[in-house]
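Below, each chain spelled out in residue letters.
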Amino acid sequence: MLLKSYIKNFLKESFNSNLMTILVNKLNKKSQECIDFFNEKGRESAISYHSYRYILEVIEEMDLDRIGSGESREAYSFENEDWVLKVAVNNFGSKVLKQEIEISQISQDESSHGTGARDMFVKVYDYDRLNDSPIWMICEKVEVLHEFEDMSALIKIFPTFWDAIKEERKNEVKVIA
């Protein structure tokens, strides 16, 4: 039974890795197409503005599910995958991606954030290395905070966070003792 479990996990990881590799290759190809097209036209400044549209072509081709969005980024994935593709929809989103990537790459020798900060952020698997400011990033999928049903585990792990919440807001949170 244990061997069967190991084999199943190995095959899942192998498939996930292959799917992610295919996605990364397609994203890089589209990014390069965008860069080449606007460089040939002498419109280098238009690259960051139009990159999002090129990346959307890959998302549509691979039929990724949109699982979230905000003012500056969108998130895509497949239902049973443990990773998410974050895409910048504007320059601010690109700056945020760049910061997340930089934090994820901090070594123990660097003192700007330290490894403690790095360990609190999601693990970054791959990202856009072709553009000066990254348009996309693939990272681990996490549980969204507002989707927690029971906050008791969070309260134990982050007591300072819980103490910082205003008293009137604490009543809105479900805690199972």
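Structure's up top.
Here is a short report on the structure shown in this document. (Residues numbered from 1 in each chain as written. Predicted model: local features only at pLDDT ≥ 70, side-chain atom pairs only at ≥ 80, totals over all residues. Heavy atoms only, no water.)

### Brief notes about the overall build of the protein chain
For step 1, the next point in the chain: When helices and strands are tallied, the protein chain shows seven helices and five strands.
For step 2, the next point in the chain: Listing every helix and strand of the protein chain by position from the N terminus yields α-α-β-β-β-α-α-β-β-α-α-α.
For step 3, the next point in the chain: Here the protein chain, with 177 residues, has 36% of them falling under the buried criterion.
For step 4, the next point in the chain: Look at the contacts in the protein chain between residues 6 or more apart in sequence, and 48% of them connect residues 24 or more apart.
For step 5, the next point in the chain: Accessible surface, the protein chain: about 12,200 Å² in total, of which carbon and sulfur atoms supply 52%. (Helix = DSSP H or I, 4+ residues; strand = E, 2+ residues; numbered from the N terminus. Buried < 20%, exposed > 50% of the residue type's maximum accessible area, 1.4 Å probe, protein only. Contact = heavy atoms within 4.5 Å. Areas by Shrake-Rupley, 256 points an atom, 1.4 Å probe, with all protein chains shown as cover.)

### Some remarks on unusual backbone geometry
For step 1, the next point in the chain: Phi at Asp63 is positive, roughly 60 degrees, even though this residue is not glycine.
For step 2, the next point in the chain: For Asp63, the location among the structural elements is in the loop between helix H2 (47-62) and strand S1 (65-69).

### Here we look at the environment of Glu140
For step 1, the next point in the chain: Structurally, Glu140 can be placed in strand S5 (residues 136-140).
For step 2, the next point in the chain: Given the relative accessible area of 28%, Glu140 is considered partly exposed.
For step 3, the next point in the chain: Taking the C-alpha atoms as reference, Glu140 lies 4.3 Å from Trp83; in sequence the two are 57 residues apart.
For step 4, the next point in the chain: At a separation of 2.8 Å, a polar atom in the side chain of Glu140 contacts the main-chain amide nitrogen of Lys123. (Polar contact = N/O pair within 3.5 Å; in protein donor to acceptor, adjacent residues only side chain to side chain.)

### Here's the deal with the nonpolar core
For step 1, the next point in the chain: Leu23, Leu64, Leu85 and Ile138 are the most contacted members of the largest nonpolar core, which has 19 residues in total.
For step 2, the next point in the chain: For this core, the secondary structure elements donating two or more residues are helix H1 (2-40), H2, strand S3 (83-88) and S5.
For step 3, the next point in the chain: Filtering out sequence-adjacent residues up to four positions away, Ile138 remains in contact with Met20, Leu23, Val24, Leu27, Trp83, Val84, Leu85, Val124, Tyr125 and Asp126. (Core = buried A, V, L, I, M, F, W, Y, C linked by side-chain atoms within 4.5 Å.)

### Quick word on the pattern of salt bridges
For step 1, the next point in the chain: Scanning the entire structure with this criterion turns up seven salt bridges.
For step 2, the next point in the chain: Note that Arg129 is salt-bridged to Asp126, the shortest N-O span being 2.4 Å.
For step 3, the next point in the chain: Classification of Arg129 as exposed rests on a relative accessible area of 53%.
For step 4, the next point in the chain: What you see here is one network of salt bridges that share partners, running through Lys30, Glu33 and Glu57. (Salt bridge = Lys/Arg side-chain N within 4 Å of Asp/Glu carboxyl O.)

### Side note on the sheet that holds S1
For step 1, the next point in the chain: With antiparallel pairing, five strands are arranged side by side in an open sheet as S1-S2-S3-S5-S4. Of all the strands in the sheet, the pair left with one neighbour each is S1 and strand S4 (124-127). In this sheet, adjacent strand axes meet at a mean angle of 25 degrees when their direction is disregarded.
For step 2, the next point in the chain: The pairing of S3 with S5 spans five bridges and is classified as antiparallel. Bridge pairing in S5 links Leu85 to Ile138.
For step 3, the next point in the chain: Here helix H3 (residues 91-104) sits on the sheet and contacts strand S2 (73-77), S3, S4 and S5; the angle it forms with S3, its principal contact strand, is near 135 degrees. (Pairing = 2+ DSSP bridges. Axes fitted to C-alpha atoms, helices over the stretch in contact; angles between N-to-C directions.)

### Things to note about the packing of aromatic side chains
Aromatic ring pairs are reported here in terms of the distance separating the ring centres and the angle at which the planes meet.
For step 1, the next point in the chain: Going through the model one piece at a time under the given rule, you end up with two aromatic pairs.
For step 2, the next point in the chain: Each ring, one from Phe37 and one from Phe38, has its centre 4.9 Å from the other, and the planes form 90 degrees; the classification is edge-to-face.
For step 3, the next point in the chain: For Phe38, a relative accessible area of 2% translates into the label buried.
For step 4, the next point in the chain: Their ring planes at 90 degrees and their centres at 6.1 Å tell us that Phe78 and Trp83 sit as a pair that is edge-to-face.
For step 5, the next point in the chain: By relative accessible area, Phe78 is classed as buried at 19%.
For step 6, the next point in the chain: Assessed through its relative accessible area of 0%, Trp83 is described here as buried.
For step 7, the next point in the chain: Over the face of the ring belonging to Tyr127 we find Arg129, whose NZ or CZ atom lies 4.1 Å from the ring centre. (Phe/Tyr/Trp six-rings, centres within 6.5 Å; stacked < 30°, edge-to-face > 60°. Lys NZ or Arg CZ within 6 Å of the ring centre and 35° of its normal.)

Note that every value here comes from positions in space, so none of it alone points to a role or purpose.
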